[in-house]
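Each chain, written out:
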Amino acid sequence: MLTRPRTTHSVIHLATAIALVLIFAFLTFRAEAATAISKEEKIKAAMVFKITQSITWPQRISNLSVCLMGDENINLALKKMDGKLTEGRRISVTHKKTSAPLHRLCDMLYIPHASKLDLNAIMQRIGNYPLLTIGDSEQFLTQGGMIALIRTGSKVTITINRKAVDQANLKLGNALLGVARTIN
Amino acid sequence: MSKRALPSLLAASIALATAVQAETADDDFFEYSLQELIALDIPDVTSVSRKQQRQMDSAAAIYVVTDEDIRRSGVTTIPDALRMVPGLQVAKLNANTWSVSSRGFNYVFANKLLVLIDGRTIYSPMFSGVNWDVQDTMLEDIDRIEVIRGPGAALWGSNAVNGVINIITKKAADTQGSLISAGGGSEEKAFGAYRYGGTFGSDRTEGFYRVYVKTFNRDGNANADGSDARDDWKMDRAGFKAEWKTDDDTSWSFQGDIYEGTTRPALMIFDENQPAKGVQTFTDQDRDQKGGNLIGNWKFAPSDTSDYSIRAVYDNYQNFDYRITEKRDTFEIEFQHYAKLWGSHDLVWGLSYRGTWYEVSDMRHITLYDKNKMDKHRFDQLYSAFIQDDITLTPDWTLTLSSRLEHNDYTGYEFQPNARIAWKATENRTFWAAVSRAVKTPSVSEHAVETKGITFYRVGTLPIPTMFSIKGNDDVKSEKLTAFELGYRELFADNLRIDITGFYNEYKDLIQYIGSNQCVFNNAIAFPYPDTANPPLTVTACTNNPLNPAYLDFPTTFNNNLEAKTYGLEFAADWQVNEWWKLQVNYSWLQVDAKRPKNGTIPQENENLIEDLSAHNVANLRSSMNLPNGWYFDAWVRYIDNLKNARVKANTALDLRIAKQINENIEVSLVGQNIFENRRQEFTESFTGIVPTQIEESWYAQIRWQF
């Protein structure tokens, strides 16, 4: 009579322990996933968000579609913009394949350098459509990208490819131009 | 350019002084502006991200001069860069001596201001001020100059009474590659600097270094009649900085400079051994100065919520001056611990020790003595402990309490508490208030230094040289300040920032000059002399021969019998007018009201001296234009009201800079300083023997080449 409840208790303890371990593992995993976003990535994501407030598209936009590519960590930071309001528009952040009709689906596109995507192919697909492209390397700009968020030493700098922006008929605001370096 | 993000060294060290908004682990920066984002420092991923504070939210009157401000203003010296800071008054006495002050007391002995370069104090205790002529580095390597007006004593220690100027050089990681900067012109006869930055160690150690050399040769100012004052200035300098990590949690840095150079200040002296020569003016006495410093930093950050750091500084300074030869060695070590406790407390505490060794000789006009005996050596020590707690009361309210306890050889223990509160009314609107107590402890110059034959009575009507000898007083106490500050900042529409600060300061026990009855010249005879300020009283005068005097000397010493109130307003605005044009304006208003004891024999002059040191109104307007095709055009107009004590009239100066970015790596520029005016007197003073000279219009061309 005394042993049964004990066994039951042991089972309960064991189950509780396993559950706790699982919860702990889950929490740790979550925590890791959360902290895996570096400060640099957070800053870049915040810059992208601020840039959305400083762009005028030639067409009327009610929902701002920000498209992500590749499976880089920064996408996690960028996804946090999803649902935020910018200049009265709701931001939606979605992941797209390179083969998608980007110019119809996206108003902004973030292409991480590390993703090793075929940049030329993407750029050709976009053409001169009013789709703002943001990357994170000098090379991105020379291949026709519009805005690069480049880590320089301990800071993130913003460089604008003026020609590409103008060709796409996009207008940049003063808040952005005031802090960015412009190349032609 | 961003003045708005309170940069990270501030977070690493002074941040502690101000109320800040804590950066939590899940802060996404989405509420930061672009200007703030580009100014954020990315710490090493594993090292602690100590709270990043926005200047917007800080509970102190802070202004940041960025590297871009320095570049685009065309300044060639650190004190000239400080002219753009609201609330500071900068005046040039001769080609290489400045008076830099904050909130009053504008004097070459700017002893109520603490100036640091990478955490190394550059205050000269013997001179009771900063020898700006040897404070330099490659200007391109300066990351920013953070200026906190008002007391910063709780965190920084004594002398941080009216302000702290923190000159912070870039990280070695941010100065990689080669940079040549060279040029020349009318006043900047020739200058050149070369820096190289590289890496060392493995990927894991993340080692970066840079080395630099710099040299310049500057022309002297002009005399009142337009002739060359011959106070030329030459300086050579070299230095390095290295940073690395020994494991994920431990980072190190090591840096140093050496310098050597000559200035030739014109001196006005009276030699007691040659009384017949009267007051002589020397224009050919070289003042050679050399020195060097080493700074080591160690930081161990086992977690995001706790870190430990140690900084050790060694500084050597040698000054071969006609008035005195001074050698000084300073060693300082500081320990600091930061911990985030119970979620809402950011606690920092620390301990520090400083030892200063003096060795003096050739004491012609400046003498060090100990108990009335001339002394060639001296050793001073300073111990201090500080603590600060930053309490996040609610997401919008932050309270900062801090205090410092210090023990020095002159006045014993000093206690300097400070309370600050910041209210973030909206995302882009902050109000703050602060109450602080700070003390200015006497330095060796006020305790144990005697000057003679260099301070002349300028309204003398007598046909013989009339002067003051000034002797330190062993009993002099600390000067005390209670300060009240209120501030408001607002960011409008991301392109207009406004910052307004008001302050009210109450000083007690201010040091003043009073007559003594001890003659200092050899074989001098004392006799009573009618005190014109307080008839029918008399003061002691000394002379060689009362029947046929060759000179008259009024021996003077210090006491703490003066009080003063200062109050003022400081306004700054940055306006990004459009994508290519930025305007920055600031204006400072200052009133000083000194009060001598009612029933003493203290002359009105002592009140006037304090009241008339500073200008009542100072204003700056800077315009920065980014023109097409890589052209840049910058203009800077500055106004300073009259300096009554220095007898300098209100004046307005204009600097212009035009630059062309030829390609990504090469920039050429042409700079005009103090243009459209022949020459201008900015300052005079009568305590150092240094003859004031006049600033001339200056033009120079410069090339900066990065590769």
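See the structure printed just above.
Residues numbered from 1 in each chain as written. Chains lettered and ligands numbered in written order. Predicted model: local features only at pLDDT ≥ 70, side-chain atom pairs only at ≥ 80, totals over all residues. Heavy atoms only, no water.

1. Here we look at the interface of chain A and chain B
Interface size is often expressed as the accessible area that is lost when the parts come together. Under the convention used in this document: Residues count as neighbours in contact if any of their non-hydrogen atoms are within 4.5 Å of one another. Defined here as a combined quantity, buried area equals the accessible surface (1.4 Å probe) lost by two parts on assembly, summed across both. Any carboxyl oxygen of Asp or Glu that lies within 4 Å of a side-chain nitrogen of Lys or Arg is treated as forming a salt bridge with it. The definition of a polar contact used here is a pair of N or O atoms within 3.5 Å, where within protein one atom must be able to donate a hydrogen and the other to accept one, and adjacent residues in sequence count solely through side-chain atom pairs. For the purposes of this entry, the term helix denotes a DSSP run of H or I that reaches at least four residues, the term strand denotes a run of E that reaches at least two, and both are numbered from the N terminus.
Each partner contributes to the interface: chain A provides 30 residues, whereas chain B provides 31 residues. Summed over the three residues of chain A that lose the most area to chain B, namely K39, S154 and K155 of chain A, the buried surface amounts to 24% of that side. On inspection of chain A and its partner chain B, the count reaches zero salt bridges. The interface formed by chain A and chain B includes one residue pair in polar contact (both at pLDDT 80 or more). Contributions of two or more residues to the side of chain A that touches chain B are made by α2 (39–52), β7 (147–152), β8 (155–161) and α8 (174–177) of chain A. Residue contributions to the side of chain A that touches chain B peak at 10 residues, all from α2 of chain A.

2. Section: a nonpolar patch on the surface
Residue and element names in this part refer to chain B. To be explicit about the condition: Surface patches are defined over residues having more than 30% relative accessible area and no salt bridge, joining like charges when they lie within 9 Å and nonpolar side chains (Val, Leu, Ile, Met, Phe, Trp, Tyr) when within 5 Å. Every accessible area reported is derived by Shrake-Rupley at a probe size of 1.4 Å, with residue values counting cover from the shown protein chains alone. Only protein chains enter the area calculation, which uses a 1.4 Å probe; residues under 20% of their type maximum are buried, those over 50% are exposed, and those in between are partly exposed.
Among the surface-exposed residues, F254, L294, I310, Y314, F331, I333, W357 and F379 lie close enough to one another that they form a single nonpolar patch of about 660 Å² accessible area. Only β18 (306–320) and β19 (325–341) provide two or more residues apiece to the nonpolar patch. Within the secondary structure, I310 sits in strand β18. Classification of I310 as partly exposed rests on a relative accessible area of 32%.

3. Some details on the pattern of salt bridges
All names here are of chain B. All chains considered together, the criterion is met by 51 salt bridges over all chains. The closest approach of N and O atoms between D133 and R287, which form a salt bridge, is 3.7 Å. With D133 in the loop between β7 (129–130) and β8 (142–149) and R287 in strand β17 (residues 287–303), this residue pair connects regions lying 154 residues apart in the sequence. The class of D133 is buried, set by a relative accessible area of 4%. According to the relative accessible area criterion, R287 is buried, its value standing at 7%. Residue R638 pairs with D655 through a salt bridge whose shortest N-O separation is 3.0 Å. One end of the pair, R638, is in strand β36 (residues 631–640); the other, D655, is in strand β37 (residues 651–661), and 17 residues separate them in sequence. For R638, a relative accessible area of 11% corresponds to the buried category.

4. Description of the sheet that holds strand β2 (residues 63–68) of chain A
All names here are of chain A. What counts, and what does not: The rule for pairing is simple: two strands pair if DSSP sees at least two bridges between them. As a rule, the C-alpha atoms of each element are fitted with a line to give its axis, helices using only the stretch in contact, and angles between N-to-C directions run from 0 to 180 degrees.
Sheet architecture is open: eight strands sit in the order β3-β4-β2-β5-β6-β7-β8-β10, paired in mixed fashion. Of all the strands in the sheet, the pair left with one neighbour each is β3 (85–86) and β10 (181–183). Across six bridges, β2 lies against strand β4 (residues 89–95) in parallel orientation. Each bridged residue has a counterpart across the sheet, and for C67 the counterpart in β4 is T94. Set on the sheet, α2 makes contact with β2, β3, β4, β5 (108–111), β6 (132–135), β7 and β8; between it and β7 the angle comes to about 150°. Along the sheet, helix α5 (residues 119–126) makes contact with β5 and β6, crossing β5 at roughly 175°.

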